[in-house]
Amino acid sequence: MSKVIKVLKLQDGIGRKGARRSRALVAGGAGFLGSHLCERLLADGYEVLALDNFHTGKRYNLNAILGNPAFRCIEHDIVDALPEDIPVDEIYNLACPASPPHYQADPIHTFKTSVLGSLNLLELARRHSAKIFQASTSEVYGDPLVHPQPESYLGNVNTHGPRSCYDEGKRSAETLFFDYSRTFGIDIRVARIFNTYGRRMQPDDGRVVSNFIVQALRGEDLTVYGSGMQTRSFCYVDDLIEGFIRLMRAPTPPPHPVNLGNPAEFTVMDLARLVVDYTNSRSRIVHRPLPIDDPRQRRPDISFARQYLDWEPTIDLSQGLARTVEYFDALLYGHRPVREAAVS
Ligand code: NAD
Ligand code: UDP
């Protein structure tokens, strides 16, 4: 059952000067990336409707924009038929739990979210001739045998392990997006997002950057899974959102999904040491079992994004960590005022 968190008169998209503002729907708009995207679209003059089932998203992520007359949010699960016909110009599908413990908690629902949810949004795009964006993932490369990963690499994914609900769900969604484009001619933009972190991750999100920072700030042991020699490439959220916008606004749709991520590669152990240093923490680094099918290495080849979107990350890991540590410090201890810290 859908619930409107905030209703407002959208004036049918008519802005003050009479020109119609573009209308964007952001599925997963109350999540980490989704809330940043909603803010960016509002700042760019859009009317924004967020749909979210609040599985991992939080109402307080929207604190800064709930008062904006061009914003509304409906509690809705995209697996179910959309609550109303929504006239829309652009659709962004970010709805899906992204952290392994969250997407593995109800794997069948995770898979349905990627497949049935994408179908519902693609049908909406078809009805309104809207441009539609899909948040795909570097997980489509699985445990990659090619390094770094270009978009042309077809991946090495286990079809039946505990990560498969997410990896195969996202792969299936890519298939649906490209089949809708070929069949109905709709304008699709598919981003393959590599590990992204930053302000507004949840303290209990479970992904590595937020886990390490929260553990370090609390003086708890940092839990490195396995040897810590596996690698990831960490992108700060602001860089990624800029990549989304450039991808969506590129004059023509790219012929394939586009890697978006920061190509600087770190071992998990490097990250743990960096976080301990930044937080000046006395936490110890301890080892825990490596999860099944945990990819051993990951780094995006972003040559295509550089050339097609004139995009590359500008915020390095030390700058991004500093901002993220500041955020969690405020959230957990109120040391510095941040708007998002009002957890309700
Ligand atoms: P997140 O968990 O913070 O956000 C996901 C949002 O989707 C949450 O608000 C959640 O409540 C909502 N949601 C989940 N299932 C839903 C459903 N069935 N119906 C409606 N809403 C639903 O995670 P995030 O990091 O912000 O990820 C956003 C998107 O980007 C996801 O699709 C994820 O797969 C993709 N992605 C993220 C990363 C990353 O590193 N952050 C990497 C690759 C892909
Ligand atoms: N990881 C870790 N400790 C944690 C959480 C994660 O060592 O507390 C590891 C995890 O095993 C993986 C890497 O960090 O090798 C990135 O994990 P995350 O869940 O952030 O993203 P993903 O595995 O989906 O890339």
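Residues numbered from 1 in each chain as written. Chains lettered and ligands numbered in written order. Predicted model: local features only at pLDDT ≥ 70, side-chain atom pairs only at ≥ 80, totals over all residues. Heavy atoms only, no water.

This part takes up the nonpolar core. Formed by 65 residues in total, the largest nonpolar core has its most connected members in Leu-37, Leu-41, Phe-71, Tyr-92, Phe-133, Phe-244 and Leu-260. The element contributing the most residues to this core is helix α6 (residues 237–249), with seven residues. If we ignore the near neighbours within four places in the chain, the residues touching Leu-260 are Ala-191, Arg-192, Ile-193, Phe-194, Leu-240, Gly-243, Phe-244, Ala-305, Leu-309 and Trp-311. (Core = buried A, V, L, I, M, F, W, Y, C linked by side-chain atoms within 4.5 Å. Buried < 20%, exposed > 50% of the residue type's maximum accessible area, 1.4 Å probe, protein only. Helix = DSSP H or I, 4+ residues; strand = E, 2+ residues; numbered from the N terminus. Contact = heavy atoms within 4.5 Å.)

In helix packing, the relevant descriptors are the interaxial angle and the interaxial distance, both defined with respect to the helix axes. Put simply, helix α1 (residues 32–43) and α6 touch, their axes get as near as 10 Å, and they point 60 degrees apart. For the element pair α1 / α6, the angle class is oblique. As for how α1 packs across α6, the hand of that crossing is right-handed. Across the interface between the two elements, Phe-32, Leu-33, His-36, Leu-37, Arg-40 and Leu-41 of α1 pack against Val-237, Asp-238, Leu-240, Ile-241, Glu-242, Phe-244, Ile-245 and Arg-249 of α6. The residue inventory of the contact of α1 with α6, partitioned by class, reads nine nonpolar, one polar and four charged. (Axes fitted to C-alpha atoms, helices over the stretch in contact; angles between N-to-C directions. Parallel < 35°, antiparallel > 145°, perpendicular 65-115°, else oblique. Left-handed = near helix turned anticlockwise from the far one by under 90°. Nonpolar A, V, L, I, M, F, W, Y, C, P; charged D, E, K, R; others polar.)

Moving on, we come to the confidence of the model for the chain. Confidence in the prediction for the chain averages 93 pLDDT; 92% of positions are at 70 or higher. Below a pLDDT of 50 lies the segment residues 7–16, which in the model reaches 17 contacts outside its immediate sequence neighbourhood of four places, other chains included. Taken together, the stretch residues 337–344 has pLDDT below 50 and engages in 16 contacts with residues farther than four places along the chain or on a different chain. (pLDDT = per-residue confidence, 0-100.)

Near ligand 2, the surroundings consist of 18 residues, among which Thr-223, Tyr-225, Arg-232, Asp-294 and Arg-298 are the closest. In this structure, an oxygen atom belonging to ligand 2 sits 2.8 Å away from a side-chain N or O atom of Asn-211. Notes on ligand 2: free accessible area 520 Å², of which the protein chains cover 96%. Elements with a minimum of two residues in the shell around ligand 2: α5 (208–218) and β9 (222–225). (Near = heavy atom within 4 Å. Polar contact = N/O pair within 3.5 Å; in protein donor to acceptor, adjacent residues only side chain to side chain. Areas by Shrake-Rupley, 256 points an atom, 1.4 Å probe, with all protein chains shown as cover.)

So, about helix α3 (residues 107–128). If you check α3, its first and last C-alpha atoms are 31 Å apart, about what 22 residues at 1.5 Å a residue would give, namely 32 Å. The largest bend along α3 reaches roughly 30 degrees and is located at Thr-113. For α3, the complete set of buried residues consists of Thr-110, Thr-113, Ser-114, Val-115, Gly-117, Ser-118, Leu-121, Leu-122, Leu-124 and Ala-125. (Expected span 1.5 Å × (residues − 1). Bend = angle between axes of the 7 residues up to and from the residue.)

Along the chain, His-147 connects to Pro-148 via a cis peptide bond; the corresponding omega equals -10 degrees. Along the chain, Pro-148 turns up in the loop between β6 (131–137) and α4 (164–184). Phi angles above zero are rare outside glycine, and Asn-280 is one such case at about 55 degrees. When you line up the elements, Asn-280 lands in the loop between α7 (268–279) and β14 (285–288). On the basis of relative accessible area, Asn-280 is assigned to the exposed category, the value being 70%. Its identity is not glycine, yet Asp-293 carries a phi of approximately 65 degrees, on the positive side. Mapped onto the elements of the fold, Asp-293 is located in the loop between β14 and α8 (303–309).

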